[in-house]
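Here's the letter readout for the chains.
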Amino acid sequence: LDQASQEFANDTDVQLAAAESQLLDRKNPQAAIDRLRRITPPTDNRFQRMRHGMLLADALDASGQRAAAVATLQQLQAAFPNAARIRDRLNQLQR
């Protein structure tokens, strides 16, 4: 996936998959955060924006930055107020 992320540096889906791999497979939330902060999903792509925000929130939470994870989800919820997945994750973090 590292090679693919270098070869397809402008492909948002590949970059998101690489960040997800850093978080879940390599258990390196800081590397995932760093990669995610370099990715700007297109504003017209709801799926990529939600995936990016959810991954960033998960990585922030995994690195002990719960307040930042909550803030990220609140911003995402403002953009997608009817998304149950965001609402559920936000409720889980705020417990």
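Here, the structure is the one placed above.
So, a few notes on the structure that sits alongside this text. The model shown is predicted, which means the values in this text are computed figures rather than measured ones.

**Let's talk about unusual backbone geometry**
In step 1: The phi dihedral of K27 falls on the positive side, at around 55 degrees, and the residue is not glycine.
In step 2: Mapped onto the secondary structure, K27 falls in the loop between helix 2 (12–24) and helix 3 (29–37).

**Overview of the pattern of salt bridges**
In step 1: Counted according to the given criterion, the structure contains 4 salt bridges.
In step 2: Of the charged contacts in the structure, one is a salt bridge between R51 and E20, with a shortest N-O distance of 2.8 Å. Of this pair, R51 sits in helix 4 (residues 46–62) while E20 sits in helix 2; the two residues are 31 residues apart in sequence, bridging distant segments of the chain.
In step 3: Linking D61 and R89 is a salt bridge whose minimum nitrogen-to-oxygen distance equals 3.2 Å. With a gap of 28 residues between them, D61 in helix 4 and R89 in helix 6 (residues 84–93) connect regions that are remote in the sequence.
In step 4: When salt bridges that share partners are traced, they join D58, D61, R66 and R89 into one network.

**Some points on the nonpolar core**
In step 1: Grouped together as the largest cluster of nonpolar side chains are 23 residues, with contacts concentrated most on L36, L73, L76, F80 and I86.
In step 2: For this core, the secondary-structure elements that each account for two or more residues are helix 2, helix 3, helix 4, helix 5 (66–79) and helix 6.
In step 3: Among the elements that take part in this core, helix 4 stands out by supplying 7 residues, more than any other.
In step 4: In this view, F80 contacts R46, R49, M50 and I86; residues no more than four positions away in its chain are not counted.

**Concerning the environment of F47**
In step 1: Among the secondary structure elements, F47 is positioned in helix 4.
In step 2: Spatially, the C-alpha atom of F47 lies 14 Å from that of A84, the residues being 37 residues apart in sequence.

**Points about helix 4**
In step 1: Between the first and last C-alpha of helix 4 there are 24 Å, a value that for 17 residues agrees with the 24 Å anticipated at 1.5 Å per step.
In step 2: The element helix 4 is extensively covered by neighbouring structure, given that 12 of its 17 residues are classed as buried.
In step 3: Every buried residue of helix 4 is accounted for by Q48, M50, R51, H52, G53, M54, L55, L56, A57, A59, L60 and D61.
In step 4: Buried positions along helix 4 lie against helix 2, helix 3, helix 5 and helix 6.
In step 5: With a side-chain oxygen lying 3.2 Å from the backbone nitrogen of F47, the N-terminal cap of helix 4 falls on N45.
In step 6: Downstream of helix 4 by a residue or two, G64 has a phi angle that is positive, lying close to 90 degrees.

Rules and cut-offs
Residues numbered from 1 in each chain as written. Predicted model: local features only at pLDDT ≥ 70, side-chain atom pairs only at ≥ 80, totals over all residues. Heavy atoms only, no water. Helix = DSSP H or I, 4+ residues; strand = E, 2+ residues; numbered from the N terminus. Salt bridge = Lys/Arg side-chain N within 4 Å of Asp/Glu carboxyl O. Core = buried A, V, L, I, M, F, W, Y, C linked by side-chain atoms within 4.5 Å. Buried < 20%, exposed > 50% of the residue type's maximum accessible area, 1.4 Å probe, protein only. Contact = heavy atoms within 4.5 Å. Expected span 1.5 Å × (residues − 1). Polar contact = N/O pair within 3.5 Å; in protein donor to acceptor, adjacent residues only side chain to side chain.

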